[in-house]
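Close look at the chain arrangement
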Amino acid sequence: VYREDTPALRGLDWRLADGEHWVVTGRNGSGKSTFLGTLYGTHPVALGGRVLRRGQAPGTPLEEIRAGIGLVSPELQADYDAGATLEEIVVSGLRGSVGLDAPATRAELRAARRALGRLDLGRLAGRRPRELSYGELRLALIARAWVHEPKLLLLDEPFTGLDPARRARLRAALSSLARGGTRLVLALHHQDDAPPACNRRLHLVRGQGRVLPWPATSRR
C-alpha cells in the first residue's frame, strides 16, 4: 500500500478469524492508520497485493463492504458536520453519510440515543461539536460507528483525549460489543488501553508487521 508514492505497508500477511480481536501497535508513522484504512477500503492495495473479504467477491462495491464496518479515525474527526447535533451525527452513521439530507426518523433517533447512552453521552445529544471537548466528540463518533451494529469495528487511537472514567467506560462498552459478535481492530499507542476482549496483537515497524504474544509481557 502506497501513500503519496511512498510505501506505507509492505510484505504484510494478516488474517482476521472468528473470535479474534486485535490490538495494532507501533510508533507514529509505522503504518497503523494506513492498515485500518486499507481494511476499510480507503487505501487501495498496489499491484501484487490483495485484500480478500469472506463472503464478498472481488469487485464488490465499497458501499456494500463498508455497510458491515464501522471506522473512527482522526481524519473522520476532522470531517464531521460542525452544524449538526450529536444525535444527528450518530444518525448519519446509519446512512453512511456526512450530514443528513433529510430529517431523522423516530427509529433513527431511538437508535442514536441508545448508542450515545452506552457511552454516557445521552445528556449531550442536542449539543453541537464546538460545545464539546475533544474526547466527548471522539466518543460521539465511536457511537456513530457502531450505531448500525457493524460486524467489524476499526478504531484508530480511540482513547485519545479521554479521562480515566471515560476510558474505563469505553473499554467496557467495547468488550460488550465483542461479546455480541462485533470483531475489534484497535490501533493503540498505549497497550494498557486495550479492552479485556482483545486477544491478538499485530506490531508494525516501518510498514511491516509481525504477530506478537498477547497479552504483552509488559502488561501488569
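Below: a short report on this structure. The shown structure was predicted, so the numbers you read here are calculated from the model rather than taken from an experiment.

1. Some details on the overall build of the protein
Broken down by element type, the protein carries seven helices and eight strands. In terms of C-alpha radius of gyration, the protein reaches 17 Å, essentially the compact-globule figure of 17 Å for 220 residues. For the protein, the C-alpha atoms occupy an extent of roughly 45 × 45 × 30 Å along the three principal directions. The burial tally for the protein puts 47% of its 220 residues in the buried class. Carbon and sulfur atoms form 48% of the exposed surface of the protein, whose accessible area is close to 12000 Å². When the 34 positive and 23 negative side-chain charges of the protein are each reduced to one mean point, those points stand 6 Å apart.

2. A look at the sheet that holds strand E6 (residues 183–187)
Judged by pairing direction, the sheet is mixed, and its six strands sit side by side in the order E4-E5-E6-E3-E7-E8 without closing on themselves. The open sheet is flanked by strand E4 (69–72) and strand E8 (208–212), the only strands paired with a single partner. Averaged over all adjacent pairs, the angle separating strand axes in this sheet is 15 degrees, with direction ignored. Across five bridges, strand E5 (residues 152–156) lies against E6 in parallel orientation.

3. Thoughts on the pairing of E8
Within a regular strand, the side chains alternate between the two sheet faces. Of the strand pairs in this sheet, strand E7 (residues 200–205) and E8 are connected by five bridges, and their pairing is antiparallel. Bridging from a neighbouring strand, Leu204 pairs with Gly209 of E8.

4. Digging into unusual backbone geometry
Positive phi, normally seen in glycine, also occurs at Asp5, with a value near 65 degrees. Of note in the backbone geometry, Arg206 takes a positive phi value of approximately 50 degrees without being a glycine. One can find Arg206 in the loop between E7 and E8. Owing to a relative accessible area of 70%, Arg206 belongs among the exposed residues under this scheme.

5. Quick look at the packing of aromatic side chains
Taken as a whole and assessed by the stated rule, the structure comprises two aromatic pairs. Considering the side-chain rings of Trp14 and Trp22, the 5.4 Å spacing of their centres and the 70 degrees angle between planes classify their relative orientation as edge-to-face. By relative accessible area, which is 1% here, Trp22 ends up buried. Pairing Trp14 with Phe35 gives two aromatic rings, centres 5.0 Å apart and planes at 85 degrees, and the pair type is edge-to-face.

6. As for helix H6 (residues 134–146)
The end-to-end C-alpha distance of H6, which contains 13 residues, comes to 19 Å, matching closely the 18 Å that a straight helix rising 1.5 Å per residue would cover. For H6, the full list of buried residues reads Gly135, Glu136, Leu137, Arg138, Leu139, Ala140, Leu141, Ile142, Ala143, Arg144, Ala145 and Trp146.

7. A closer look at the nonpolar core
One recurring pattern in soluble globular proteins: nonpolar side chains tend to sit buried together. In terms of nonpolar packing, the biggest core is built from 41 residues, with Leu116, Leu119, Ile142, Trp146, Leu153, Leu170 and Leu174 touching the most fellow members. Elements with a contribution of two residues or more to this core: helix H4 (86–95), helix H5 (106–118), H6, E5, helix H7 (164–179) and E6. Ranked by size, the runner-up nonpolar core spans 18 residues in total, among them Val1, Leu36, Leu71 and Leu202.

8. Side note on the environment of Arg66
Mapped onto the fold, Arg66 is located in helix H2 (residues 62–66). When its relative accessible area of 27% is taken as the criterion, Arg66 is described as partly exposed. C-alpha separation for the pair Arg66 and Asp156, spaced 90 residues apart in sequence, amounts to 16 Å. Those residues in contact with Arg66 that lie beyond four places of it in its chain are Tyr40, Gly41, Thr42 and His148.

9. Some details on helix H1 (residues 32–40)
Of all nine residues in H1, eight are buried; the element is thus mostly enclosed. Every buried residue of H1 is listed here: Lys32, Thr34, Phe35, Leu36, Gly37, Thr38, Leu39 and Tyr40.

Calculation notes
Residues numbered from 1 in each chain as written. Predicted model: local features only at pLDDT ≥ 70, side-chain atom pairs only at ≥ 80, totals over all residues. Heavy atoms only, no water. Helix = DSSP H or I, 4+ residues; strand = E, 2+ residues; numbered from the N terminus. Rg over C-alpha atoms; globule rule 2.2 N^0.38 Å. Buried < 20%, exposed > 50% of the residue type's maximum accessible area, 1.4 Å probe, protein only. Areas by Shrake-Rupley, 256 points an atom, 1.4 Å probe, with all protein chains shown as cover. Lys, Arg positive; Asp, Glu negative; His and termini not counted. Charge placed at Lys NZ, Arg CZ, Asp CG, Glu CD. Pairing = 2+ DSSP bridges. Axes fitted to C-alpha atoms, helices over the stretch in contact; angles between N-to-C directions. Phe/Tyr/Trp six-rings, centres within 6.5 Å; stacked < 30°, edge-to-face > 60°. Expected span 1.5 Å × (residues − 1). Core = buried A, V, L, I, M, F, W, Y, C linked by side-chain atoms within 4.5 Å. Contact = heavy atoms within 4.5 Å.

Honestly, it's all geometry; don't read function into it.
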